[in-house]
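Take a look at the letters that make up each chain.
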Amino acid sequence: MDRMNWIELAYLIAALGFALSLKWMSQASTARRGVLAGEIGFGIAIVATLFWPGITGTGYILIAVALLIGSAIGVPLGLLVPMTAMPQRIALSHAFGGLAAGLIGIAHFFLEREHFSKFDLGVIGIEIALGMLVFTGSLMAAGKLQEWLPQRPIVYPLQNLVNAAVLAAALGLVIFQVFNPDQDWAVPAIAALGLVFGVFLIIPIGGADMPTVIALLNAYAGLSAAALGFVLDSKLLIVAGALDGASGLILAIIMCRAMNRSFSNVLFGAFGATDAVGSGTQEQGTYRSASVDEAADLMKIASSVVIVPGYGMAVAQAQHKVRELADALEKEGVDVRFAIHPVAGRMPGHMNVLLAEANVPYEQLLDMDEINSDFAQTDVVLVLGANDVVNPAARHDKGSPIYGMPILDVDKAQTIFVVKRSMRAGFAGIENELFFNEKTQMVFGDAKSVVAELTSEVTGQRDAIGL
Amino acid sequence: MSSDVIITSLFIFMLAAFVGFESIRRIPKLLHTPLMALTNALSAIALVISMVILGQGHTTYAQVLGFIAVVASSINLVGGFIITDRMLKMFKPRERAPKPGAGSEDGVA
């Protein structure tokens, strides 16, 4: 066996580590072991790569320097970013992955193009465009999530036509480059079009669609790594890329299903920007509002309370206060659970992470499918910053833009409290029927302060009686 | 690349994607964010090739691109693993003792 065979063998073990890491992620109890398996796999792959033939002395120094710089940025990025900023952190990380894949594709093209088959040339062209698209697309997504860019969809006339033209130009160039690999300008031009397309693709996508988009960018990043693997004949890259691509695709499908929408609708629909406003019937109806004391009193004597968190909870960073409220209610003997809609928040699993950060045990966090049948037996539901995912119009109003989207059936509960800043319509501009339901009472205010007041009402009164 | 190699690569891709689909399908929604952070770290795999291109340094052009790629993918790799673990550490089962007598060490006020 020569040296390359040993390296490939080490890569095989690394690939096994990656597969095991995904397998162990399937349970909260073994998930950290999964991370360890992935880390060991990566460690083996990196060490084995150091034995690659042809790496020069200066090469080793440069590798060491680059790894140190990357770690010096990566460690604080991993340790210091608050949990509430997780969606944009993940998007930013996708951007780095896309950039690396795209640049390496370009470098490899210029080094090896005379040895490339037509297949290689085609794949590497697509790979470069995909990597660059992930780079700018993820940066745009991160910018929107961080609110450096407006979260609402940015639309302009003929947008889809412009996007299609950019995409067609990129594909045309890839084909041109397959037959003219000696043209130096073609590959940089493909990269440039990829960069532009990434920006254009994300501009019209609204904040509420970010979970799907982040998952899709995850899948693209994986596919570009796999494409690189095809060109380089690197099985490790193919395996890791396929695992990553599969994961991103599954998450994107789950997100789309949870919104009853198709990929193309998410990517090209510019949800809520144009059509939603017109189709929402403007019969406002009357709503009832409740004071914090009234809400606290009712929750205290309830036997079961379900809290429905949404993006509003994340924005207000209210997760710790929510946990305190849940604890206070449990001390009163109330059964408290959390109902989590798959697209609540800005990334898959967003609410789960925030509540886990606030030390809510994960048995208390229930999926839509697990809790929906229980709402009829629930005394009080507290809706915190969630809107479209609890709108009963999704079940029956065929004219509603969210018709058909699976929702949390909170309207079946005895009493519903909705914490909201004001009566203005939600992100998608859709009027929420739930707010006008006769069992619903609005509690106006900032999620964090309302929850804090609720908690002190619940505990304060208990102390008064207890002492 | 010869067609043999392409076919082998397609086999590997297909089987890996299948393994990926089958294991990821079983991951509960609870863990979807850590899953995304983890696969994000895995997508930094371009690092190994970036290291080779940087290390061999055939042209300055390749070296510059390779350097940026190693930096970018190691940010992705290191940050991705750290953050996945940081998130998973927070996911705890219920530790409060529901029945009297069962010892619990919860120090949370």
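Residues numbered from 1 in each chain as written. Chains lettered and ligands numbered in written order. Predicted model: local features only at pLDDT ≥ 70, side-chain atom pairs only at ≥ 80, totals over all residues. Heavy atoms only, no water.

All right, on to the overall build of chain A then. Counting its regular elements, chain A contains 18 helices and seven strands. At 25 Å, chain A has a C-alpha radius of gyration in line with the 23 Å of a compact globule built from 467 residues. Among the 467 residues that make up chain A, the fraction classed as buried is 57%. Restricting to contacts in chain A with at least 6 residues of sequence separation, those with at least 24 account for 78%. Between the averaged position of the 28 positive side-chain charges in chain A and that of its 41 negative side-chain charges there is a distance of 1 Å. (Helix = DSSP H or I, 4+ residues; strand = E, 2+ residues; numbered from the N terminus. Rg over C-alpha atoms; globule rule 2.2 N^0.38 Å. Buried < 20%, exposed > 50% of the residue type's maximum accessible area, 1.4 Å probe, protein only. Contact = heavy atoms within 4.5 Å. Lys, Arg positive; Asp, Glu negative; His and termini not counted. Charge placed at Lys NZ, Arg CZ, Asp CG, Glu CD.)

Once that is clear, we can look at helix H8 (residues 210-232) of chain A. Residue and element names in this part refer to chain A. Taking 1.5 Å per residue, 23 residues should reach 33 Å; H8 reaches 33 Å between its end C-alpha atoms and fits that length. In terms of burial, H8 is a largely internal element, 20 of the 23 residues being buried. Positive phi appears at Asp233, one or two residues downstream of H8, with a value of about 55 degrees. (Expected span 1.5 Å × (residues − 1).)

Let's shift gears to the pairing of strand E6 (residues 415-420) of chain A. Residue and element names in this part refer to chain A. Burial within E6 is extensive, with six of its six residues counted as buried. Bridge count between strand E5 (residues 380-384) and E6: five bridges; the pairing is parallel. Bridge assignment links Leu382 to a residue of E6, and that residue is Phe417. Pairing of E6 with strand E7 (residues 440-444) involves five bridges; the strand directions are parallel. Within E7, the position partnered with Lys420 by the bridge is Phe444. (Pairing = 2+ DSSP bridges.)

With that settled, the discussion passes to the confidence of the model for chain B. All names here are of chain B. When pLDDT is averaged along chain B, the result is 86, and 85% of the positions lie at 70 or above. Low confidence marks residues 99-109, where pLDDT is under 50. Its contacts with residues over four positions away, or in another chain, come to six contacts. Scored as a complex, the prediction yields pTM 0.87 and ipTM 0.87. (pLDDT = per-residue confidence, 0-100.)

Take the nonpolar core next. With 193 residues, the main nonpolar core has Phe42(A) and Val308(A) as its most contacted residues. No other element matches the 14 residues that helix H9 (residues 235-258) of chain A contributes to this core. (Core = buried A, V, L, I, M, F, W, Y, C linked by side-chain atoms within 4.5 Å.)

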